[in-house]
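The chain contents come next:
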Amino acid sequence: MTVLRARAPGKVNLCLFVGEPREDGLHPLVSVVQALSLADELTLTPAPPGASEDEVVCPGIDGPNLAARALALYREATGWGAPPQRLAIEKRIPVAAGMGGGSSDAAAALRLAAHAAGTPDDPRAAALAPRLGADVASLLRPGRVLMTGAGEHVAPLAPPPPLGLLVLPVDAELSTPAVYAEADRLGLVRGHVELAQLEALVRAGTWAPQNDLQDAARSLCPAIDAALAAARDAGADQALVSGSGPTVVGLFGGAEGPARAAAAAGAGGWPRAVAAEPVDAAWAAVRG
């Protein structure tokens, strides 16, 4: 029996600038997305005898799963005719937390399907990723990337300097559409000219960590404020909301950054706090 495995890294938007909605209703973005060592684990095997279609097993997660949609879309687009498969997902990334867990699972499912189909570097997977969600394309080949458009344009960036992250899950869930709507209501989004100027700065490497959705997430989930304060109290150089929240990350830079983040997580000052580090595509590669 063929068994394939892949990690699905969580992500943090180290900067996230949000523009006014386009004609299609989507918000244009300029974001530096960094994949993290906090990751789900996916395993693809043939489905049990008698199965008539692919199945996704993800304990503790109810309802439709984006990874199942990824498998179906890959079959539809490529004609991959393998017998039904079982995709098992071991969740470690907080759910509905702004860390791209569902999107990364979908990206990993595309990687696994392409590998199982005998085309590990199938360019069709990259073409399909944006159809699954704004974050999927940025996590198809995890690393540090520049994400623009509504998530469909992704360009690799140079590997990051040493960086440790303290991940502080907040005991709440936030709907991404609701956070964007709140950002619109609060007037937090940027005009097209300003967004283009910020993109030029990011491409030049002259950006600082910032999240345009942070105040919208805080408005909808006041518990975020305590997590931001906890990250700062733990010694983080900077603290910000991850994506649309509610998870908060503390950033620890410099050669000792990863060790400082690990020490802060081990101090036990915040429930479920974990340390993470940047990862690249090789770390998340499909393996037999």
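Our subject is the structure listed above.
Residues numbered from 1 in each chain as written. Predicted model: local features only at pLDDT ≥ 70, side-chain atom pairs only at ≥ 80, totals over all residues. Heavy atoms only, no water.

Undergrad: Looking at this structure, I do not really get the environment of glycine 149. What am I missing?
TA: Within the secondary structure layout, glycine 149 lies in strand β5 (residues 144-149). Each C-alpha atom of the pair glycine 149 and proline 28 lies 4.8 Å from the other, and the pair is 121 residues apart in sequence. Excluding its chain neighbours within four sequence positions, the residues that come into contact with glycine 149 are Arg22, His27, Pro28 and Leu29. (Helix = DSSP H or I, 4+ residues; strand = E, 2+ residues; numbered from the N terminus. Contact = heavy atoms within 4.5 Å.)

Undergrad: Explain the pairing of strand β2 (residues 29-46) here, please?
TA: As a general feature of sheets, a regular strand has side chains that alternate between the two faces. Of all the 18 residues making up β2, 16 are buried; the element is thus mostly covered by neighbouring parts of the structure. Pairing of strand β1 (residues 4-18) with β2, which is carried by 13 bridges, proceeds in the antiparallel orientation. What sits directly across from asparagine 13, in β2, is valine 33. Of the pairings in the sheet, the one linking β2 to β5 comprises 6 bridges and is antiparallel in character. Across the sheet, the residue bridging to serine 31 is methionine 147, located in β5. Relative to strand β4 (residues 85-90), β2 is paired through 6 bridges, and the arrangement is antiparallel. Each bridged residue has a counterpart across the sheet, and for glutamate 41 the counterpart in β4 is glutamate 90. (Buried < 20%, exposed > 50% of the residue type's maximum accessible area, 1.4 Å probe, protein only. Pairing = 2+ DSSP bridges.)

Undergrad: Could you clarify how one ought to interpret the side chain of serine 242 in this entry?
TA: Residue placement: serine 242 occurs in the loop between β9 (238-241) and β10 (248-253). Classification of serine 242 as buried rests on a relative accessible area of 0%. Of note is the side chain of serine 242, whose polar atom sits 3.4 Å from the backbone oxygen of lysine 11. Apart from residues lying up to four places away in sequence, serine 242 is in contact with Lys11, Val12, Asn13, Ala97, Gly98, Met99, Asn211, Thr247 and Val249. (Polar contact = N/O pair within 3.5 Å; in protein donor to acceptor, adjacent residues only side chain to side chain.)

Undergrad: How should the packing of aromatic side chains be read in this particular structure?
TA: Two descriptors summarise a pair of aromatic rings, namely the distance from one centre to the other and the angle between the planes of the rings. This model, assessed by the stated rule, comprises 1 aromatic pair. Between the aromatic rings of tyrosine 74 and tryptophan 80, the centroid separation amounts to 6.0 Å while the plane-to-plane angle is 70 degrees, which identifies the pairing as edge-to-face. When its relative accessible area of 0% is taken as the criterion, tyrosine 74 is described as buried. Among the residues examined, tryptophan 80 registers a relative accessible area of 11% and is labelled buried. Taking NZ or CZ as reference, arginine 7 lies 4.2 Å from the ring centre of tryptophan 283, over its face. Over the ring of tryptophan 80 we find arginine 75; its NZ or CZ atom is 4.4 Å from the centre of that ring. (Phe/Tyr/Trp six-rings, centres within 6.5 Å; stacked < 30°, edge-to-face > 60°. Lys NZ or Arg CZ within 6 Å of the ring centre and 35° of its normal.)

Undergrad: I tried to follow the packing of helix α1 (residues 66-78) against helix α3 (residues 123-132) on my own but got confused; where do I start?
TA: How two helices pack is summed up by the angle between their axes together with the distance between the axes. Across the interface, α1 lies against α3 with an axial gap of 10 Å and an inter-helix angle of 135 degrees. Comparing their axes, α3 and α1 come out oblique. Between α1 and α3 the crossing geometry is right-handed. Judged by residue contacts, Leu66, Arg69, Ala70, Leu73, Tyr74, Glu76, Ala77 and Thr78 of α1 engage Arg124, Leu128, Arg131 and Leu132 from α3. (Axes fitted to C-alpha atoms, helices over the stretch in contact; angles between N-to-C directions. Parallel < 35°, antiparallel > 145°, perpendicular 65-115°, else oblique. Left-handed = near helix turned anticlockwise from the far one by under 90°.)

Undergrad: Please explain the sheet that holds β10 as it appears in this structure.
TA: Strand pairs in the sheet, formed through backbone hydrogen bonds, run parallel or antiparallel to each other. Spatially, 4 strands are ordered β9-β10-β7-β11 in an open sheet, and the strand pairing comes out antiparallel. Each having just a single partner strand, β9 and β11 (274-276) make up the two edges of the open sheet. Sheet twist, expressed as the mean angle between neighbouring strand axes with direction ignored, is 25 degrees. With 4 bridges connecting them, β9 and β10 associate as antiparallel partners. Note on β10: the bridge partner recorded for leucine 240 is valine 249. Across the sheet, helix α8 (residues 224-233) is in contact with β7 (163-168), β9 and β10; its angle to β9 comes to roughly 155 degrees. Here helix α9 (residues 257-266) sits on the sheet in contact with β7, β10 and β11, set at roughly 20 degrees to β7.

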